[in-house]
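Residues per chain, in single letters:
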2 protein chains.
Amino acid sequence: MHQNSVSEFTIRRLPLYLHVLEQFKNEGRASFSATELSRTLGIYHTLVRKDLNVAGLKGRPRVGHMVDEAILQLKSYLGWDRVLNALLIGAGNLARALLGYREMSLTGIRIAALIDCDPAKIGSELCGLTIFSPDDIPRLKREFGIEAGIITTPAETAQAAADRLIAAGITTLWNFTLPVLQTPESTVVEHTHFFSNMAIVTYKHKQANQQSMEATQ
Amino acid sequence: MHQNSVSEFTIRRLPLYLHVLEQFKNEGRASFSATELSRTLGIYHTLVRKDLNVAGLKGRPRVGHMVDEAILQLKSYLGWDRVLNALLIGAGNLARALLGYREMSLTGIRIAALIDCDPAKIGSELCGLTIFSPDDIPRLKREFGIEAGIITTPAETAQAAADRLIAAGITTLWNFTLPVLQTPESTVVEHTHFFSNMAIVTYKHKQANQQSMEATQ
DNA sequence: TAGATTGTTAATCGATTAACAATC
DNA sequence: TAGATTGTTAATCGATTAACAATC
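My aim in this report is to walk through the structure given alongside it, one point at a time. (Residues numbered from 1 in each chain as written. Chains lettered and ligands numbered in written order. Predicted model: local features only at pLDDT ≥ 70, side-chain atom pairs only at ≥ 80, totals over all residues. Heavy atoms only, no water.)

1. A closer look at the overall build of chain A
Reasoning step 1: Within chain A, the secondary structure is distributed over eight helices and nine strands.
Reasoning step 2: With respect to the principal axes defined by its C-alpha atoms, chain A has extents near 60 × 55 × 35 Å.
Reasoning step 3: When each of the 217 residues of chain A is scored for burial, the buried share is 50%.
Reasoning step 4: In chain A, once contacts between residues fewer than 6 apart in sequence are set aside, the share between residues at least 24 apart is 56%.
Reasoning step 5: Counting every atom, chain A has about 10,500 Å² of accessible surface; 52% of that belongs to carbon and sulfur.
Reasoning step 6: Charged side chains in chain A number 22 positive and 21 negative. The centres of these two groups are separated by 8 Å. (Helix = DSSP H or I, 4+ residues; strand = E, 2+ residues; numbered from the N terminus. Buried < 20%, exposed > 50% of the residue type's maximum accessible area, 1.4 Å probe, protein only. Contact = heavy atoms within 4.5 Å. Areas by Shrake-Rupley, 256 points an atom, 1.4 Å probe, with all protein chains shown as cover. Lys, Arg positive; Asp, Glu negative; His and termini not counted. Charge placed at Lys NZ, Arg CZ, Asp CG, Glu CD.)

2. Comments concerning the interface of chain A and chain B
Reasoning step 1: Taken residue by residue, the interface counts 67 residues in chain A and 67 residues in chain B.
Reasoning step 2: Surface buried jointly by chain A and chain B totals about 6,200 Å² across both partners, of which 66% is contributed by carbon and sulfur atoms.
Reasoning step 3: Taken together, the connections running from chain A to chain B amount to four salt bridges.
Reasoning step 4: Two residues, K204 of chain A and E8 of chain B, come together in a salt bridge whose shortest N-O distance is 2.6 Å.
Reasoning step 5: The interface formed by chain A and chain B contains 26 residue pairs in polar contact (both at pLDDT 80 or more).
Reasoning step 6: Counting residues per element, the side of chain A that touches chain B draws most heavily on helix α8 (residues 194-216) of chain A, which supplies 18 residues.
Reasoning step 7: When grouped by side-chain class, the residues that make up the side of chain A that touches chain B number 33 nonpolar, 22 polar and twelve charged. (Buried area = accessible area lost by both parts, 1.4 Å probe. Salt bridge = Lys/Arg side-chain N within 4 Å of Asp/Glu carboxyl O. Polar contact = N/O pair within 3.5 Å; in protein donor to acceptor, adjacent residues only side chain to side chain. Nonpolar A, V, L, I, M, F, W, Y, C, P; charged D, E, K, R; others polar.)

If you want it as structure tokens, here you go:
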């Protein structure tokens, strides 16, 4: 397992395969071919095969892969076959959205506790979870076996939030706020930046409109 | 402007530069060098220069770039210097999070109207915006000059939502739900898939832990 | 001027695509 | 068997990195 060489691009595609396979399963299908997956998702068939191979899936010529087996294997490869307790810091609207996100349970990520630095919020509840103070992070980590932190604070407090999580020994972070977080080399940080998404939306929209305007001239 | 060749990777990095430049501006700085940006963000300096060039920025040797000028130019290049009216479909928690997302205004994207297909929600308000029926999409499009659609419905209704937006002539979509949307070639679709982010979180977490376990053996 | 900085051209690296061999 | 499908190896393409020339 010393292949640090698995591409992030591959990892990001695996949930897409999983999604289609769950659909196949619901349709009562027992097997599938990489070619089908490829067509459904618009991903080159060789790439699908390589990705499946990386995830440890072995297909049989002429038969393809078994749906159930593939789902289990993909989940296991991604680490979705175990619970990952997470602590969410920043109990705002995005927190509520994540707490209400049904599909999250598929990934094993479980928001076990909420943190906010607003004294007015501490002690109150959001979606059935009590909101704690940042001072409680170390205790909550021990109590709930927290392994990951989700940062949904406003941008101003994001670095401080990250610092406190890291100080408590939490080494895996999922950050929704500040584009740049200073973290030690060993910390795993995944960013979900709406900014970059919005840049694509506005840029491509502009481009598409310019093109159509040029075309009609 | 016939360069369809600008990479999406470049576009996604531009908001990061913008973010750092806003900080520089707040610190009262007048100029900056690509080298500084490069160090702050951990992006190779030549890459930063290329990106800035693509966005139409011209620096001066020995001087660098002017902060204010660069901010304006980046915003203009991304299309963040004009309002883009959007219609959001799926008035749930994620909708509330996006409506409360202060930084959205920087991008010019404005959620002008809300849609939901739940009769219980239609007519009520969310964050000061009235929730309309999917049947109102064409009218709202005309009324508000809607150019983009944001899809935050549950996965089951996402394709239907996309179909209705497209049928109304909305050609730019930002989708938070289903991993695969069937859309015409000409439609611009940007996906924000938490699933892919979560896959990275769990996979890397697992890897990091395996490695440390191996190391201690 | 000298040197800091830009911007360009070439080299590398890795992801995707294409071609082909293997197998049930 | 023939052919559908897998999986591997080679080619292409494009993003990043490195080297270097230009300039105030």
